[in-house]
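Listed here are the chains, written in short residue letters.
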Protein chains: 2
Amino acid sequence: MTNDNQNPNSNPNPNPNPNQNPNLIIINAYVLTMEGKGVGMIEDGAVAIKGNKIEAVGPTKQILADYSSKADEVIDATNKLIMPGLIDSHIHTGLGILRGVAQDMHNWMQDGLWPFMKHVTPEDSKKGSMMNIIEGIKAGTTTFCDYDSNMNQLVQNYVAVGARARVAELINEIPDDIGDLPVGELYPFHPEIGNRKLQNNLELLKKWNGAENGRITSMLGPHGPDMMSLELLQEIKELATKYDTRLHMHVAQGDREIDQVFKRYGKRSIAFLDEIGYLNERLLAVHLTEATKEETEQVARSGAAMINCSGSIGIIDGIVPPILEFIEAGGTAALGSDQAPGNNCNNMFNEMKFVAILNKVKRKDPSVFPADQALRLATIDAAKAVGLEHEVGSIRVGKKADLLFINLEEPSMSPVITKPVRNIVPNLVYSARGNEVESVMVDGKFIMKDRQMVTVDEKQVIREVQQAATAISEKVAADPKLPASTPLLAKMELGEL
Amino acid sequence: MTNDNQNPNSNPNPNPNPNQNPNLIIINAYVLTMEGKGVGMIEDGAVAIKGNKIEAVGPTKQILADYSSKADEVIDATNKLIMPGLIDSHIHTGLGILRGVAQDMHNWMQDGLWPFMKHVTPEDSKKGSMMNIIEGIKAGTTTFCDYDSNMNQLVQNYVAVGARARVAELINEIPDDIGDLPVGELYPFHPEIGNRKLQNNLELLKKWNGAENGRITSMLGPHGPDMMSLELLQEIKELATKYDTRLHMHVAQGDREIDQVFKRYGKRSIAFLDEIGYLNERLLAVHLTEATKEETEQVARSGAAMINCSGSIGIIDGIVPPILEFIEAGGTAALGSDQAPGNNCNNMFNEMKFVAILNKVKRKDPSVFPADQALRLATIDAAKAVGLEHEVGSIRVGKKADLLFINLEEPSMSPVITKPVRNIVPNLVYSARGNEVESVMVDGKFIMKDRQMVTVDEKQVIREVQQAATAISEKVAADPKLPASTPLLAKMELGEL
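What you see is a predicted model; the values in this text were computed from it and never measured.

About the thresholds
Residues numbered from 1 in each chain as written. Chains lettered and ligands numbered in written order. Predicted model: local features only at pLDDT ≥ 70, side-chain atom pairs only at ≥ 80, totals over all residues. Heavy atoms only, no water. Helix = DSSP H or I, 4+ residues; strand = E, 2+ residues; numbered from the N terminus. Rg over C-alpha atoms; globule rule 2.2 N^0.38 Å. Buried < 20%, exposed > 50% of the residue type's maximum accessible area, 1.4 Å probe, protein only. Phe/Tyr/Trp six-rings, centres within 6.5 Å; stacked < 30°, edge-to-face > 60°. Domains from an automatic or database assignment. Contact = heavy atoms within 4.5 Å. Buried area = accessible area lost by both parts, 1.4 Å probe. Salt bridge = Lys/Arg side-chain N within 4 Å of Asp/Glu carboxyl O. Polar contact = N/O pair within 3.5 Å; in protein donor to acceptor, adjacent residues only side chain to side chain. Arc of directions from axis to C-beta. Pairing = 2+ DSSP bridges. Axes fitted to C-alpha atoms, helices over the stretch in contact; angles between N-to-C directions. pLDDT = per-residue confidence, 0-100. Least-squares fit on C-alpha atoms with pLDDT ≥ 70 in both. Nonpolar A, V, L, I, M, F, W, Y, C, P; charged D, E, K, R; others polar.

Draft legend 1. A look at the overall build of chain A. Counting its regular elements, chain A contains 18 helices and 17 strands. A compact globule built from 497 residues would reach a C-alpha radius of gyration of about 23 Å, and chain A, at 22 Å, matches this within 12%. Based on the C-alpha atoms only, the size of chain A along its principal axes is roughly 70 × 50 × 45 Å. The 497 residues of chain A split such that 66% are buried.

Written as structure tokens, this is what we have:
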């Protein structure tokens, strides 16, 4: 089980250490390891867990023989699928409180998000983030690559809830009221803003990288090539080398970014980032919505990873990002759920299904982007893309015990067919919606069990978010600067909302 | 409340009969009536139900004043959305048992479905149908336009479960082993097959149309213009006039149909159907996958309805059907979930989200196909398309009490924002996945309550389907006629399933 290309079914003894006493063994399950070139399915499989790690994985018979007398607890997972927790490689949980205020329009940020966002306090944002995290966990997300302002606060939600997080502060040099600037005008840069946000990110790195027994890690988070001065971009690049960390960054995320960069530097975003030394293995290039085929291939060849957000980019831009072209050029890619104002969910089952189908219709070919490929992009490939491949993304001895228990007796996953072809992975990607996830384990501990959150009071979180959102909406409605008309105000007028 | 274009909020007294004693009033809810030009939202709304019908709808205060002393039961629906049950305008529940055997390939029918389908008995099919119906109900479908073989058997599932159904027998003249015929060869027609299936459909019409107090209705179901002789097509058309019934029919559903019709009649499907008098208000034209813009507009102008199946056609064909073009040409359209072998779910929330986003990317415009439009296509517009507009599709006095109770405290629907714009409908279409449906009422009776089926034992149904599917898969694996390779057998070999 130490070789990526090895088929777990062909390994008669994946258990390196049969004298260990595991805390828990899970038996009689379909175990989707995501190891090897395929999906690494073990049909009558078992997993042994010791502390926060996977101690062994293999056929039930063998794990029982090696461990049953020594385990503290045995879970019979008959009719369940055990699989790696899903990785959401790009999410802004700080926007969770504004679910559904920015879809079905052009200029979603200016006309949809901004009139609300200006009234959201850091406390509101933290509450909405917790709701967003619960939403993700209940749909099988165990690792959140959260990328937002105020991350030193938001990260505490992950500590409390027990999920894995790989966090970055959104660093930019633009003022909070940038939403009031007419589209097309160059953003003003304020070095004191950039410096403050950079310091927040450095604090995050120092305080939280490796915290909670490694469950929390941190990156640097430049907002985009258009969002700060060349000087700050260069400083961040040097800090990434100094701290040996990755860069979570929007790249070619919209025509507005391309326009700003071109006006400022006379180049498109990717040529500019190449010139300043950003295109390399450290970079998580998020979206690439506006990248041409050539630019996409250039990023892929550079060793940077691509994070693809099918749901949000479909809704807010009407575009299918070039992930297939990126992968074909040899790049490592992953999926993200982005933001709730215009997606409007943070559910990796949604992202897996959309990335597959949108690329089928983009290529007019139902055979492209099969289910297993979509699944890899939310598990093992995502782990590689975000730099957690030695920790999570597959069920492998020594990796963290971040596991999902999927109920295969939900109608949407029934019946299970195993011969002559298996239908579990296609149904997981094309039929499951998230509520089939019965229990979620992170670091060997259940954080959701039988659809109930273990570590937080879900109802209380929802109530607090609702109160905060109601207060925000009162402020928006009373805001004298609220535009006389936006696309959604017009729809409201027509009774369409 | 008797005029389609009336806004329910502008109607101070929607209650025609305040002296009636309702059985039930539902108060303190967000009520999404789907009446009027928009979505007809009543924010502090209530619904009164008498027998199987809606007795009154309006503000809670008013309904309480008129009815509270007389109602048998009052349900407090605080933090819930009450909306019309969803209409699945095209579903083959008889294929439910083969969920997930036919995706990610060309020739899904020949290479995916057929090797399994030939081993499915009518009893297997009926069991899978029940599972499929439960899946639909748990995701808010209350009306199923089921179109399949063996419908005199399948219809009994709807009787048992208590859902609304509008059923048609799949009439064709082709032998059961048609899947073995090489692609491109003309189908052989067998009049005795056609006659038997037509008789089944006539039996369905006579025995079931209007049964269960009108909960079950029936149509005629010609399989497609390529699937039977001209003589039988003409006979069916005459019977539709005689019985004054609609025709549920695949039209331009794939290149294979176009090829067969062209080889036989020297015309494409739609020109042929026009010539033989099929293009009119009686027709439910399903798919139009291969229809050109001109052909699509021709069908729309004829008064025929279009049924659009985004999920299945995306997966099995990699195509976005021309529903937007159809609607722009003035046509009435609706959505269907089609079939589980390659969709792989039967969930109208999935269809609403996909039709909106796929059309946004098709037009490269995020403002097209807004959430309210998608919602209408699964409610009031669907009711019009399938000929049930006087019965269901909106919450209106005198219509059937087919209602969903949506839990707005699920994370995916939270928070609720009502001013200055409302986020409920966008979140219902873009974020909800079906499990937000807490309870389902059909004909004034709960058939699902608090996520539990009321009328059938869900676990028992799933167990029986699993047993039948296991037996089928044993037969498929042992079939000497199983092709040496299919796309899924090849993926199985590679460990990708």
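Draft legend 2. Up close: the packing of aromatic side chains. All names here are of chain B. This structure, assessed with the given rule, holds seven aromatic pairs over all chains. On the basis of an interplanar angle of 50° and a centroid distance of 5.4 Å, the ring pair of Phe144 and Tyr158 is categorised as tilted. Taken together, the residues Phe144 in strand β7 (residues 141-148) and Tyr158 in helix α4 (residues 151-161) connect sequence positions 14 residues apart. When its relative accessible area of 0% is taken as the criterion, Phe144 is described as buried. By relative accessible area, Tyr158 is classed as buried at 0%. Centroid distance Phe405 to Phe446: 5.3 Å. Interplanar angle 50°. Geometry classified as tilted. In this pair, Phe405 sits in strand β14 (residues 403-407) while Phe446 sits in strand β16 (residues 445-449), placing the two residues 41 residues apart along the sequence.

Draft legend 3. How the structure looks around the domain arrangement of chain A. Residues and elements named next belong to chain A. As assigned here, chain A comprises domain 1 (8-84 + 393-453) and domain 2 (86-386). Relative placement of domain 1 and domain 2: their C-alpha centres are 30 Å apart. Residue-level contacts link 33 residues of domain 1 with 33 residues of domain 2. Carbon and sulfur atoms make up 65% of the area that domain 1 and domain 2 hide from each other, which totals about 2500 Å². Here domain 1 is connected to domain 2 by two salt bridges. Linking domain 1 with domain 2 are 10 residue pairs in polar contact (both at pLDDT 80 or more).

Draft legend 4. Quick look at the pattern of salt bridges. By the definition in use, this model includes 46 salt bridges over all chains. Glu297(B) serves as the salt-bridge partner of Lys293(B), at 2.9 Å between the closest nitrogen and oxygen. Of the two residues, Lys293(B) and Glu297(B) are both situated in helix α10 (residues 293-302); the distance of four residues between them amounts to about one turn of the helix. The partly exposed category is assigned to Lys293(B), whose relative accessible area is 48%. Linking Glu325(B) and Lys362(B) is a salt bridge whose minimum nitrogen-to-oxygen distance equals 3.7 Å. Taken together, the positions of Glu325(B) in helix α12 (residues 323-328) and Lys362(B) in helix α13 (residues 348-363) put the pair 37 residues apart, joining distant regions of the chain. Each of Glu325(A), Glu328(A), Lys362(A) and Arg363(A) takes part in one network of salt bridges that share partners.

Draft legend 5. Structural detail: helix α1 (residues 60-67) of chain B. Residue and element names in this part refer to chain B. Of all the residues in α1, the buried ones are Thr60, Gln62, Ile63, Asp66 and Tyr67. Seen end-on, α1 carries its buried residues on one side only, within an arc spanning 165°. When the buried face of α1 is taken as reference, the exposed residues oriented beyond 90 degrees from it are Lys61 and Ala65. The inward-facing, buried residues of α1 contact β1 (24-32), β2 (41-50) and β3 (53-59).

Draft legend 6. Broad picture of the sheet that holds strand β11 (residues 283-287) of chain B. All names here are of chain B. Ordered by their spatial adjacency, four strands build an open sheet running β10-β11-β12-β13, and the pairing between neighbours is parallel. The open sheet has two edge strands with one neighbour each: β10 (247-251) and β13 (333-335). Adjacent strand axes in the sheet meet at a mean angle of 30°, parallel and antiparallel pairs treated alike. Pairing analysis gives three bridges linking strand β12 (residues 305-308) to β13, with the strands arranged parallel. Of the residues in β13, the one forming a bridge with Asn308 is Leu335.

Draft legend 7. Highlighting the confidence of the model for chain A. Considering every residue of chain A, the mean pLDDT works out to 94; 96% of them sit at 70 or more. Note on residues 1-14 of chain A: pLDDT under 50 across the span, and 34 contacts to partners over four residues away in sequence or across chains.

Draft legend 8. Layout of the relation of the copies chain A and chain B. Taken as rigid bodies, chain A and chain B are interconverted by a rotation of 180° and an axial shift of 0.0 Å, the fit giving an RMSD of 0.0 Å. A rotation of that kind, with that shift, is consistent with a two-fold axis. Of every C-alpha in chain A, the one belonging to Arg433(A) sits nearest the axis of rotation, 3.1 Å from it. Take the interface residues of chain A: 100% of them recur as interface residues in chain B, which is what a same-surface contact looks like.

Draft legend 9. Region of interest: the interface of chain A and chain B. Taken together, the contact between chain A and chain B spans 85 residues of the former and 85 residues of the latter. A combined buried area of about 7000 Å² lies between chain A and chain B, and 62% of that area is made up of carbon and sulfur atoms. Looking at the side of chain A facing chain B, the largest losses of area belong to Pro420(A), Arg433(A) and Leu497(A), adding up to 9% of the total buried there. Salt-bridge contacts for Lys419(B) lead to Glu474(A); the nearest nitrogen and oxygen are separated by 3.3 Å. Applying the counting criterion to the chain A and chain B interface returns 36 residue pairs in polar contact (both at pLDDT 80 or more). Of all the elements in the fold, those that place two or more residues in the side of chain A that touches chain B are α3 (122-138), α11 (310-317), α13 (348-363), α14 (371-377), α16 (424-430), α17 (458-478) and α18 (487-493) of chain A. A per-element tally of the side of chain A that touches chain B places α17(A) first, with 10 residues. Here the side of chain A that touches chain B is built from residues that sort into 42 nonpolar, 24 polar and 19 charged.

Draft legend 10. Region of interest: the sheet that holds strand β8 (residues 164-169) of chain B. All names here are of chain B. Across the sheet, which stays open at both edges, the four strands sit in the order β6-β7-β8-β9 with parallel pairing between neighbours. Two strands in the sheet have a free side with no partner beyond their single neighbour: β6 (86-91) and β9 (216-218). Adjacent strand axes in the sheet meet at a mean angle of 15°, parallel and antiparallel pairs treated alike. Note: β8 against β9, three bridges, orientation parallel. From the neighbouring strand, Ala165 faces β9, where its bridge partner is Ile216. Packing of α4 onto the sheet brings it into contact with β7, β8 and β9, and relative to β8 it is tilted by some 175°.

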